[in-house]
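Listed here are the chains, written in short residue letters.
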Amino acid sequence: MNFINYKSVIVVYRHNYNVGGIMNWVLSILFYFLFFIECLFLGRYVLLKFEFRRNYIEICFITGYLFFFLLMSLINIPAHFFHVSWIVYFSLALVYLISINGWIIWKQKGYIKNLLAELKILKINDILKNNWIGIVFILLFTYFSLSNQLAFLNGNYDDIYYIGKSVNLIGADHLYLEDYMTGELLIQEPFDIVRFFNTYELTYSFLSVLSGIYTPFFIRIPMAAVNYTLFYFSVTCFSRMFISRKLSQFSIVVFFAFLLPEIYFYSSVYQSDPFYSYDLWQFTNAAYYGGSVIRMSSYFILWIFLNEILKNYTVRHLVFGVLICGSFISFSTVFFTVFAYFAIGGMLTVMVALSWKMIRKGDYKKATIFGLCFLLVLVGMFMLEKAPVLIDLNYSDSLNEFGRLRYSNFDLRMYIIFLTISILLLSKTRTGSLFAFNFIITYMITYPVHANMLNYLFSVKIFFVYLRWISTVQYLILAMTGIFILQILSFIKIKRVRSIIVHAGSIGYILLILFTFNHYEDSFLENTEIASGVSPNGWSFSRILNLNEKMIPQSAYEIGELFNEMDYGNYALLTPSSIPYHDNSYDPKNLILSSNRIELFSEAEKYGLNQEQMNAVQSFLSGENLNSEQIINLLKDSTAEYILGFGKRNMELLEESGNFILMKEFDNQTDLDEGYLLKIIR
């Protein structure tokens, strides 16, 4: 058996193995808990090695999560650069991962015993008591995400690329030599520095095969739940700079508002003062994107570890910070923008803090120097506006966008100033005070018309990257709002009364959000423009009851399995413009998520047709009664190798021509009634 055939057997086996009905659900639950333990295991070890004093579960998980993806990127990047085969990559990655875990166990004798002893001390009741809000958050957001029909039928807006990439990497002869929007094989990869280091999709592929979970299911459910867990821990650990640990879990409550789709927050149909947050649908529908990890969690995590580092600074801590940044880059290079704002805000904050420290010591000379440095940097940022060498056409376009942009219809600046000053005064820690001051500086820089050139450069001259940073700021504003409310409630001295108010308020708020969703659900479906976060098909909340669920339409799965049984390669498939699915339809691009052997194009030229010919062929494949002889000639002359169509009469006409072989006829037992898959003979 040659190498390629062996690989094909492995890939086909995987697709056949992991479709065992309820097994996807069972394996997903098992994977979640095993991956959680792996993150705790790895995170605690890393924290010990880098001499961090605190290693409670939340910090261990965050650290373990980031270092897991960092360690995987160290093998993913060379595999990407050399375009090795999947089977070589998977074998090396498996040995690599086992070796790392084995090495930790061997080097740290008694490590597992101590870890298990610590975990044993934790009581289930205590875990539930201290994290019940987080558990509800993770379950509800994952449930809403998997129920959203925009993702299921339309692939959100970007799933075809990100999930399709993970699917197509599995079994590839050469990694990263493919157009992941179409499934088309490439002779040479166009070098893109922005995406070269983003290797988390390959880690998803590895974990999917390792766990035996069907890849789209794996990414859309267990990985979404894992990333919501990361976000919950990030927000709660961040909030502990300002409030007690017991109250910290409630800082996530304000984010339950995001159960409402994005359309709710920026359409005046629902609110007189809309709150527009760019790509909010990714928070609710696609937490598994690398960019979602950055926008949802990175800024909180940077401050969490800065808080720890400031308590006991060492060179090891500096190295740790660099490695954390490296891990974030493996998810998305949007992190460069987040880090740039974090760094400039931090630098200005340090200058002010040092100046204040010198004033308190009576050293007015040094205080003046630090103060002048602060003013110099601040003036320099605004002077960039006048630098003609930096101004280009893109900047002029972005300047117009900056002028129109507002966080909402009302100006939030006064609210932000009030919020940060309040938190500054109420904060009980030095780092909390530093953050409050840092944020007001960062916010004033970020806000449009204050430092447009700086914003333009920090967003690598791409306006939507700036908008994604704004969404990070908005998540921060929400977290700070929750923290401020909890700070106020912490003044209630009677603990039982305070506890009742916090718990009742949280439950009431969550129920209000769910009531609002139920009340406006039909209205949401009337406004489904791009980035609304919903499609006209709304949600299918009964999906969780389907024990045979694959997280793609069943017919897409069945078609994908037909291609998975073929020899490894990429086959051009021509389909109607939409594929019927019960009373709805779905985007044919979903088929790319079902198999790594399918090529699908939107452009007629890719099939050797013009647009008029493409429209005629697709109409025929949809079941319309057209000139079959003309269609047959067009298909014979096209570059398509397989066709998917509907209508028994049209299928018979194609078969009778002698130019097509029937691969599969779908009956009314499937959602492809009168559907057929034919191979074109030339």
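Predicted model only: the values in this text are computed from it and were never measured.

Draft legend 1. Just the overall build of the protein, in detail. Helices and strands together make up the secondary structure of the protein, namely 29 helices and nine strands. When the 682 residues of the protein are sorted by exposure, 57% land in the buried category. By sequence separation, contacts in the protein at least 24 residues apart represent 76% of the contacts at least 6 residues apart. Summing over all exposed atoms, the protein offers an accessible surface of approximately 29,300 Å²; the carbon and sulfur share of this is 63%.

Draft legend 2. Structural detail: the pairing of strand S9 (residues 675-680). When you tally the buried positions in S9, you get five out of six residues, the bulk of the element. Alignment of strand S7 (residues 642-646) against S9, held across five bridges, turns out to be antiparallel. When the bridges of S9 are listed, isoleucine 643 appears paired with leucine 678.

Draft legend 3. Highlighting the confidence of the model for the protein. On average, the protein scores 84 in pLDDT, and the residues at 70 or more come to 87%. Low pLDDT, under 50, characterises residues 1-19; the stretch is placed with 41 contacts to residues that sit more than four places away or in other chains. In this model residues 268-273 is a low-confidence stretch, pLDDT under 50, and it forms eleven contacts with partners more than four residues away in sequence or in other chains.

Draft legend 4. Quick look at the packing of aromatic side chains. For the coordinates displayed, the defined rule picks out 83 aromatic pairs. For the pair phenylalanine 31 and phenylalanine 35, a centre-to-centre distance of 5.4 Å together with 15° between the ring planes defines the contact as stacked. With a gap of four residues between them, phenylalanine 31 and phenylalanine 35 both fall in helix H2 (residues 23-49), about one helical turn apart. Comparing phenylalanine 31 with phenylalanine 35, the two get one shared label, buried. If you follow arginine 543 out to its NZ or CZ, it ends over the ring of phenylalanine 152, 3.7 Å from the centre.

Draft legend 5. Expanded view of the environment of phenylalanine 418. Within the secondary structure, phenylalanine 418 is located in helix H21 (residues 413-426). Given the relative accessible area of 46%, phenylalanine 418 is considered partly exposed. It is 9.9 Å that separates the C-alpha atoms of phenylalanine 418 and isoleucine 440, two residues lying 22 residues apart in sequence.

Draft legend 6. Expanded view of the nonpolar core. Tyr65, Phe255 and Phe283 are the most contacted members of the largest nonpolar core, which has 216 residues in total. In terms of residue count, the dominant contributor to this core is helix H24 (residues 463-489) (16 residues). Apart from the residues within four sequence positions on either side, phenylalanine 255 is in contact with Phe137, Phe141, Phe231, Val235, Phe283, Tyr475, Leu478 and Ala479.

Draft legend 7. Quick look at the sheet that holds strand S3 (residues 571-574). The strand order S6-S3-S7-S9-S8 describes an open sheet built from five strands, whose pairing is mixed. A strand with exactly one partner marks an edge of an open sheet, and here the two such strands are strand S6 (598-599) and strand S8 (660-665). Its contacts with the sheet put helix H27 (residues 611-621) on S3, S7 and S9, and the angle it makes with S7 is roughly 55°.

Draft legend 8. Summary view of the environment of asparagine 198. Mapped onto the fold, asparagine 198 is located in the loop between helix H9 (193-196) and helix H10 (200-211). Look at asparagine 198 and you get buried, because its relative accessible area is 6%. Sequence separation between asparagine 198 and asparagine 76 is 122 residues; the distance between their C-alpha atoms is 9.3 Å. Beyond its immediate stretch of four places on either side in the chain, asparagine 198 contacts Lys165, Tyr176, Ile329, Ser330, Phe331, Ser332 and Thr333.

Draft legend 9. Up close: a positive patch on the surface. A contiguous patch of positive charge on the surface is contributed by Lys357, Lys361, Lys366 and Arg430. The class for arginine 430 is exposed, based on a relative accessible area of 59%.

Draft legend 10. Quick peek at H2. Taking 1.5 Å of rise per residue, the 27 residues of H2 would be expected to cover 39 Å, and the 38 Å separating its terminal C-alpha atoms lies within 8% of that figure. Positive phi shows up at glutamate 51, right after H2, with a value of about 60°.

Draft legend 11. Focus on a nonpolar patch on the surface. The grouping of Ile124, Ile127, Leu128, Ile135 and Leu139 at the surface amounts to a nonpolar patch, some 450 Å² of accessible area in total. Position of isoleucine 135 among the secondary structure elements: in helix H6 (residues 124-147). For isoleucine 135, a relative accessible area of 31% translates into the label partly exposed.

Draft legend 12. Spotlight on unusual backbone geometry. Backbone geometry places tyrosine 176, a non-glycine residue, at a positive phi of 65°. Topologically, tyrosine 176 is positioned in the loop between helix H8 (159-169) and strand S1 (178-179). Positioned with a positive phi, methionine 551 is a non-glycine residue whose angle comes to about 70°. By the element assignment, methionine 551 lies in the loop between helix H25 (495-524) and helix H26 (554-564).

Draft legend 13. How the structure looks around the packing of helix H18 (residues 335-361) against helix H19 (residues 364-383). Where H18 contacts H19, the two axes come as close as 7 Å, and the packing angle between them is 155°. Here H18 is positioned roughly antiparallel relative to H19, judged by the angle of their axes. When you trace H18 past H19, the crossing you get is left-handed. Side by side, H18 and H19 meet where Ile344, Met347, Leu348, Met351, Val352, Leu354, Ser355, Met358 and Ile359 of the first sit next to Tyr364, Lys366, Ala367, Phe370, Gly371, Cys373, Phe374, Val377, Leu378 and Met381 of the second. Class assignment for the residues of the contact of H18 with H19 results in 16 nonpolar, two polar and one charged.

Draft legend 14. Region of the structure containing the pattern of salt bridges. This structure, assessed with the given rule, holds nine salt bridges. The shortest N-O distance in the salt bridge between arginine 220 and aspartate 159 comes to 2.7 Å. Separated by 61 residues along the polypeptide, arginine 220 in helix H11 (residues 215-220) and aspartate 159 in helix H8 bring together distant segments of the chain. A relative accessible area of 2% places arginine 220 in the buried class. We note a salt bridge from aspartate 279 to arginine 468, for which the minimum N-O separation is 3.2 Å.

Cut-off values and rules
- Residues numbered from 1 in each chain as written.
- Predicted model: local features only at pLDDT ≥ 70, side-chain atom pairs only at ≥ 80, totals over all residues.
- Heavy atoms only, no water.
- Helix = DSSP H or I, 4+ residues; strand = E, 2+ residues; numbered from the N terminus.
- Buried < 20%, exposed > 50% of the residue type's maximum accessible area, 1.4 Å probe, protein only.
- Contact = heavy atoms within 4.5 Å.
- Areas by Shrake-Rupley, 256 points an atom, 1.4 Å probe, with all protein chains shown as cover.
- Pairing = 2+ DSSP bridges.
- pLDDT = per-residue confidence, 0-100.
- Phe/Tyr/Trp six-rings, centres within 6.5 Å; stacked < 30°, edge-to-face > 60°.
- Lys NZ or Arg CZ within 6 Å of the ring centre and 35° of its normal.
- Core = buried A, V, L, I, M, F, W, Y, C linked by side-chain atoms within 4.5 Å.
- Axes fitted to C-alpha atoms, helices over the stretch in contact; angles between N-to-C directions.
- Patch = residues over 30% accessible without salt bridge, like charges linked within 9 Å, V, L, I, M, F, W, Y side chains within 5 Å.
- Salt bridge = Lys/Arg side-chain N within 4 Å of Asp/Glu carboxyl O.
- Lys, Arg positive; Asp, Glu negative; His and termini not counted.
- Charge placed at Lys NZ, Arg CZ, Asp CG, Glu CD.
- Expected span 1.5 Å × (residues − 1).
- Parallel < 35°, antiparallel > 145°, perpendicular 65-115°, else oblique.
- Left-handed = near helix turned anticlockwise from the far one by under 90°.
- Nonpolar A, V, L, I, M, F, W, Y, C, P; charged D, E, K, R; others polar.

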